[in-house]
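# Chains, contacts and geometry: an overview
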Amino acid sequence: MAITDGLITLDDARASLGWAATNTANNSDLERYIEAATPVIENITGPLIVRQLSFAFNGGVEQIVLPVPFTSVVSVTENGSAVTDYVADADKGIITAGTTTAPDVFEPGVDNIVVTVSVGSATVPANVKLAARELVRFWWQQGRQANIPAFGEAPESGSVPMGFAVPKRVYELLEPNKRVAGFA
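So, here is what we can say about the structure in this document. (Residues numbered from 1 in each chain as written. Predicted model: local features only at pLDDT ≥ 70, side-chain atom pairs only at ≥ 80, totals over all residues. Heavy atoms only, no water.)

### Quick notes on the sheet that holds strand β6 (residues 94–97)
Taken together, the three strands give an open sheet; going across it, the order is β2-β6-β5, and neighbouring strands pair in antiparallel fashion. The open sheet has two edge strands with one neighbour each: β2 (63–65) and β5 (86–89). In this sheet, neighbouring strand axes are inclined to one another by 15° on average, regardless of whether the strands run parallel or antiparallel. Bridge count for β5 against β6 is four bridges, and the pairing is antiparallel. Note on β6: the bridge partner recorded for V87 is T96. (Pairing = 2+ DSSP bridges. Helix = DSSP H or I, 4+ residues; strand = E, 2+ residues; numbered from the N terminus. Axes fitted to C-alpha atoms, helices over the stretch in contact; angles between N-to-C directions.)

In structure tokens:
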């Protein structure tokens, strides 16, 4: 398996675990951890890997607010037909029907407006790479520990509290890049 959507390289992950570059025995497992860490971190920060995303919206509105900021608009369609009269504000993730001098409304309908945008960045910030390294290291080490009850107690059952799989250190590293909560 080769890493296709990873915020760090296999060498970065090996280094975070203190392994030599020649230690390749667990490469495929480690690659899975790297690929699994990417969507978890992007859930906190928003999209970081360069790719295109499509979203469907109900029409009959002047503005569409995408759930993520974007770098560019690839296409906007109403009922399958291309739309060219719109104004995009990539930083805010907003697409407005019409032009700045002649505002308009997107055609009414259910999920009839499809917007495809490019997201991500060509460079991943150093703090995000470090957070990804820490998350992979944490998961790897947790996965290698035995589940032994403390001092003869019965093992706990039930759900794991939210956030357990992402240590506080990772959240702290991602703080400068955290996605700002929006509203509808």
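### What about the side chain of E78?
Along the polypeptide, E78 turns up in strand β3 (residues 72–78). In this structure E78 is buried but unpaired, with K92 as the nearest side chain of opposite charge at 22 Å. A distance of 2.9 Å separates a polar atom in the side chain of E78 from the backbone nitrogen of E107. Not counting residues within four places of it along the chain, the set of residues in contact with E78 comprises V83, V105, F106, E107, N112 and I113. (Buried < 20%, exposed > 50% of the residue type's maximum accessible area, 1.4 Å probe, protein only. Lys, Arg positive; Asp, Glu negative; His and termini not counted. Salt bridge = Lys/Arg side-chain N within 4 Å of Asp/Glu carboxyl O. Polar contact = N/O pair within 3.5 Å; in protein donor to acceptor, adjacent residues only side chain to side chain. Contact = heavy atoms within 4.5 Å.)

No statement about biological role is implied by the geometric values presented.
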